[in-house]
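Structural overview
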Amino acid sequence: MSTHIAAEPGQIAPIVLVPGDPLRARWIAETFLDDAELYSQTRGMLGFTGTWEGHRVSVQGSGMGQPSMAIYANELFDSYDVQTVVRVGSCGALTEKLKVRDIIIANGACTDSGINRVRFHGLDYAPVADFSLLRAAVEASESEPLASAVHVGLLLSSDQFYSTRPELNEPFVQHGVLGVEMETSGLYTLAAYYGRRALSICTVSDHILTGEETTAVEREQTFGDMIRIALRAATAG
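Residues numbered from 1 in each chain as written. Predicted model: local features only at pLDDT ≥ 70, side-chain atom pairs only at ≥ 80, totals over all residues. Heavy atoms only, no water.

1. Some details on the pairing of strand β3 (residues 47–52)
For β3, the buried fraction is high: five of the six residues fall into the buried class. Taken together, the four bridges between strand β2 (residues 34–40) and β3 define a ladder with antiparallel strand orientation. Across the sheet, the residue bridging to L38 is F48, located in β3. Hairpin connection of β2 to β3: six residues between the antiparallel strands, including R43 at a positive phi of 55 degrees. Sheet topology places β3 next to strand β4 (residues 55–60); six bridges connect them, and they run antiparallel. Note that in β4 the partner of G47 across the bridge is Q60. What sits between the antiparallel neighbours β3 and β4 is a turn of two residues, in which E53 has the positive phi angle 50 degrees. (Buried < 20%, exposed > 50% of the residue type's maximum accessible area, 1.4 Å probe, protein only. Helix = DSSP H or I, 4+ residues; strand = E, 2+ residues; numbered from the N terminus. Pairing = 2+ DSSP bridges.)

2. Focus on the state of the cysteines
Taken as a whole and assessed by the stated rule, the structure comprises zero disulfides. Between C91, a free cysteine, and C202, which holds the nearest cysteine sulfur, the sulfur-to-sulfur gap is 4.9 Å. The class for C91 is buried, based on a relative accessible area of 2%. In this structure C110 is a free cysteine whose sulfur lies 14 Å from that of C91, the closest cysteine sulfur available. (Disulfide = S-S within 2.5 Å.)

3. Some remarks on the pairing of strand β5 (residues 84–93)
Counting buried positions over the 10 residues of β5 gives nine, a clear majority of the element. Alignment of β5 against strand β9 (residues 197–207), held across 10 bridges, turns out to be parallel. Bridge pairing in β9 places C91 opposite V204. Pairing analysis gives two bridges linking β5 to strand β8 (residues 177–181), with the strands arranged antiparallel. Paired with A93 across the bridge in β8 is G179.

4. Here we look at the side chain of T214
Mapped onto the elements of the fold, T214 is located in the loop between β9 and α7 (216–221). The residues touching T214, leaving out its near neighbours within four places in the chain, are V100, R101, S205, R219 and F223. (Contact = heavy atoms within 4.5 Å.)

5. Side note on the packing of helix α4 (residues 131–143) against helix α8 (residues 224–234)
It is at 8 Å that the axes of α4 and α8 come closest, and there the two elements cross at 130 degrees. In terms of orientation, α4 and α8 fall into the oblique class. With respect to the hand of their crossing, α4 and α8 are arranged in right-handed fashion. Contacts between α4 and α8 pair L133, A136, A137, A140 and S141 from the former with I229, R232, A233 and A234 from the latter. (Axes fitted to C-alpha atoms, helices over the stretch in contact; angles between N-to-C directions. Parallel < 35°, antiparallel > 145°, perpendicular 65-115°, else oblique. Left-handed = near helix turned anticlockwise from the far one by under 90°.)

6. Here's the deal with the pattern of salt bridges
A side chain with one charge may pair with a side chain of the opposite charge, provided their charged atoms come close. The final tally for this structure, using the stated rule, is nine salt bridges. Of the charged contacts in the structure, one is a salt bridge between D81 and R196, with a shortest N-O distance of 3.4 Å. With D81 in the loop between α2 (66–80) and β5 and R196 in the loop between α6 (184–194) and β9, this pair connects stretches of sequence that are 115 residues apart. Across the salt bridge formed by R228 and D225, the nearest N and O atoms sit 2.8 Å from each other. In this pair, R228 and D225 both sit in helix α8, three residues apart, roughly one turn of the helix. By relative accessible area, R228 is classed as partly exposed at 32%. Connected through shared salt-bridge partners, E53, E144 and R232 make up one network. (Salt bridge = Lys/Arg side-chain N within 4 Å of Asp/Glu carboxyl O.)

7. Section: the packing of aromatic side chains
Tallying each qualifying case throughout the model produces five aromatic pairs. The interplanar angle of 10 degrees and the centroid separation of 4.6 Å between the aromatic rings of F120 and Y125 together place this pair among those described as stacked. On the basis of relative accessibility, which here comes to 26%, the residue F120 falls in the partly exposed class. Owing to a relative accessible area of 32%, Y125 belongs among the partly exposed residues under this scheme. With centroids separated by 4.9 Å and ring planes inclined at 80 degrees, the aromatic side chains of F161 and Y162 adopt a geometry described as edge-to-face. The class for F161 is exposed, based on a relative accessible area of 57%. (Phe/Tyr/Trp six-rings, centres within 6.5 Å; stacked < 30°, edge-to-face > 60°.)

8. Looking at the nonpolar core
Ranked by internal contacts, the top residues of the largest apolar core, which has 63 residues, are I12, L17, L199, I201 and I227. Tallying contributions element by element places α8 first for this core, with seven residues. Not counting residues within four places of it along the chain, the set of residues in contact with L199 comprises V85, V86, R87, I105, A106, A129, L133, L134, A137, L187 and Y188. (Core = buried A, V, L, I, M, F, W, Y, C linked by side-chain atoms within 4.5 Å.)

So far we have only geometry, and geometry alone does not tell us how the molecule works.
Next up, the structure:
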């Protein structure tokens, strides 16, 4: 039993979808999984296990930011031998190429955080997605009937939600970064360390340039296209 998830051995599936919002975790379990059972509510961070099209799947909230993601990713990989983690989160669009509710499948993640520089002794590490998951997600996005446009590209995992230096995003945009969120770089790094598969799929919940945004309820309960892609990709093969 781990410190923060506190599930019993065997309660968590080898495949886990990880939203930041625990209420989105509950919505995913109730909407997409059959026979979903709650295995954890420690610190209000809900976790469920059920089945999807015959595959055993768990959904675990992770909270916000790389430190929180690192706690849950470490425990999922190390304490519960999880093999595949797909982050299903929200992000802010950094470019006019994207609209609210578009989906980003992240092939890699930049960051303004110092976490990896501590890990790599001041050097820069490039956290990337598992290629098999990335390919399966792209294929799923092409075969599923979706209302949202799908983009493949880089995310920026920032340590600050309310940034006092928004101009620092500009060089990232100039080098192809599509959106900003707070977790993917940490997830991809830990998946590489443990030799596991990870992918981040994010729905644009707000647009940094236009100011358009979704409501909290919409972010919790209406990003179904992203979940369908994630489930199809995570269970492929």
